[in-house]
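Spelled out, the chains give:
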Amino acid sequence: ELPALKNGIIEMKSSSIPIRQRFQTIREEKKTNLCLCADLTSLDEIIELSKQVGPNICMLKIHCDILNDFSMEKIQQLKNISRTFNFLLLEDRKFADIGNTVQLQYTKGLFQIATWADLVTVHVLPGEGIVQALEQSVQSIDEPRGCLLIAQMSSKGALTNNEDYVKGVIKCTEKYSDYVIGFISQSRLTTDNKFIHCTPGIHLNNTGDQLGQQYVTPRQAIDGRGADILIVGRAITDSINRIKTCEEYQQEGYNVYEQLRNI
Ligand code: 5FU
């Protein structure tokens, strides 16, 4: 299929645009740096929610292994919605095993993650072979795939928050900079702006939960910690009006981003 021509410019299907570039165009076109983290156990419910908040988000993060009703048909439906509303789909799988095992986890089993997730999250704990193995698995897939390396976690006492560990993650990111598009982090880790910093642990009203999660506000995350993308879960999904709350986080996140950009 040939790419469409618009104003003399070749318009690539969103599915063929490199992921880094998609983040940039989505942020400018949709005015959002918000990733909704839909930790719901029903994929039907996520599908409905994603239709409602699709215009407000740049990415949707899910955990496919908590879904009661996962099916390839339904995940394809979600994928189509992500195309319609132009947001990325992140499976927060947090791969953390040897290369051979993660290849199987990425491509096989019930979820066949590589067939639908634009992005996945990866721990570098086992060594850089994990990234090599994942990248190798998606070479035959004809749309862009990428990953975010988990550099720093938001939870209390996280063992990732150690200077040498983080240095190792940064090194790996630089070495595999085609497939690795950035980090899950709690601070700005490199001055190279091609690496996208995604920060979870965001809430406007709470400072944490009962199980070790720690929150900062969108402003603290972007201004203080250098986040490019805000990953927001229960602040939105547990709110009385998810659509309105999603709009609030979108506006707050984008306003802070614009203020900083204009300094
Ligand atoms: F890597 C990380 C991390 O350091 N902290 C996180 O909270 C990932 N997360 C995920 O972000 C976590 O698995 C949840 O899916 C989400 C945060 O959800 P919350 O409801 O905003 O606390």
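Criteria and thresholds
- Residue indices begin from 1 for each chain and proceed along its sequence in written order.
- In view of the model being predicted, local features appear only for residues whose pLDDT reaches at least 70, and side-chain atom pairs are presented and counted only at 80 or more, with totals across whole chains, interfaces and linings using the full set of residues.
- Helix numbering and strand numbering both begin at the N terminus, where a helix is a DSSP run of H or I of at least 4 residues and a strand a DSSP run of E of at least 2.
- For a compact globule the rule gives 2.2 Å times the number of residues to the power 0.38, and the radius of gyration it is set against comes from C-alpha atoms.
- Any residue whose C-beta has 12 or fewer other C-beta atoms within 10 Å is treated as exposed, any with 20 or more as buried, and any in between as partly exposed, C-beta atoms being built from the backbone.
- Contact criterion: two residues are in contact if their C-beta atoms, reconstructed from the backbone, are within 7 Å.
- Residue proximity rests on one test: whether the C-beta atom, placed from the backbone, lies within 6 Å of the molecule or strand.
- Three categories are distinguished: nonpolar for Ala, Val, Leu, Ile, Met, Phe, Trp, Tyr, Cys and Pro, charged for Asp, Glu, Lys and Arg, and polar for the others, with Gly belonging to the last.
- Only C-alpha atoms enter the line fits that serve as axes; for helices the fit covers just the stretch in contact. Angles between N-to-C directions range over 0 to 180 degrees.
- An angle below 35 degrees is read as roughly parallel, one above 145 as roughly antiparallel, one from 65 to 115 as roughly perpendicular, and any other as oblique.
- Crossing handedness: left-handed means the near helix sits turned counterclockwise from the far one by under a right angle, and right-handed means the same turn made clockwise.
- UniProt positions are given in the numbering used here, feature names are shortened, and annotations may be inferred rather than shown by experiment.

### Structural notes on the overall build of the chain
Here's step 1: Assigned secondary structure in the chain consists of nine helices and ten strands.
Here's step 2: In summary, the chain has a C-alpha radius of gyration of 18 Å against a globular reference of 18 Å for 263 residues, a match within 12%.
Here's step 3: Here the C-alpha coordinates of the chain stretch approximately 45 × 45 × 40 Å along the principal axes.
Here's step 4: With 263 residues in all, the chain has 39% of them scored as buried.

### Some details on the environment of Tyr106
Here's step 1: Mapped onto the elements of the fold, Tyr106 is located in helix α4 (residues 99-107).
Here's step 2: On the basis of neighbour count, Tyr106 is assigned to the buried category, with 26 C-beta atoms found within 10 Å.
Here's step 3: For the pair Tyr106 and Ala117, spaced eleven residues apart in the sequence, the C-alpha separation amounts to 9.7 Å.
Here's step 4: Residue contacts for Tyr106: discarding those within four places in its chain leaves Phe95, Ile113, Ala114, Leu134 and Ser137.

### Here's the deal with the site of the ligand
Here's step 1: Taken together, 15 residues sit near the ligand, with Met153, Ser154, Pro200, Gly233 and Arg234 positioned nearest.
Here's step 2: Secondary structure elements with two or more residues in the shell around the ligand: β10 (229-232) and α8 (234-237).
Here's step 3: Here the shell around the ligand is built from residues that sort into eight nonpolar, four polar and three charged.

### Quick notes on the packing of helix α2 (residues 43-53) against helix α9 (residues 242-261)
Here's step 1: At a minimum axis separation of 10 Å, α2 and α9 run at an interaxial angle of 50 degrees. Between α2 and α9, the crossing angle belongs to the class labelled oblique. Seen along the crossing, α2 lies across α9 with a hand that is right-handed. Contacts between α2 and α9 involve Leu49, Gln52 and Val53 from the first element and Arg242, Ile243 and Cys246 from the second.

### A word on the UniProt feature "binding site: substrate" (unreviewed entry) in the chain
Here's step 1: Here, UniProt's "binding site: substrate" (unreviewed entry) annotation points to Asp39, Lys61, Ser154, Gln213, Gly233 and Arg234.
Here's step 2: By secondary structure assignment, the location of Asp39 is in the loop between β3 (34-37) and α2.
Here's step 3: Setting aside chain neighbours within four positions, we find Asp39 in contact with His63, Ile66, Gly233 and Thr237.
Here's step 4: Relative to the helices and strands, Gln213 resides in the loop between β9 (196-200) and α7 (218-224).
Here's step 5: Judged by C-beta crowding, with 18 C-beta atoms within 10 Å, Gln213 ranks as partly exposed.
Here's step 6: Residues within four places of Gln213 in sequence aside, it is in contact with Ser154, Ser155, Gly201 and Gly208.

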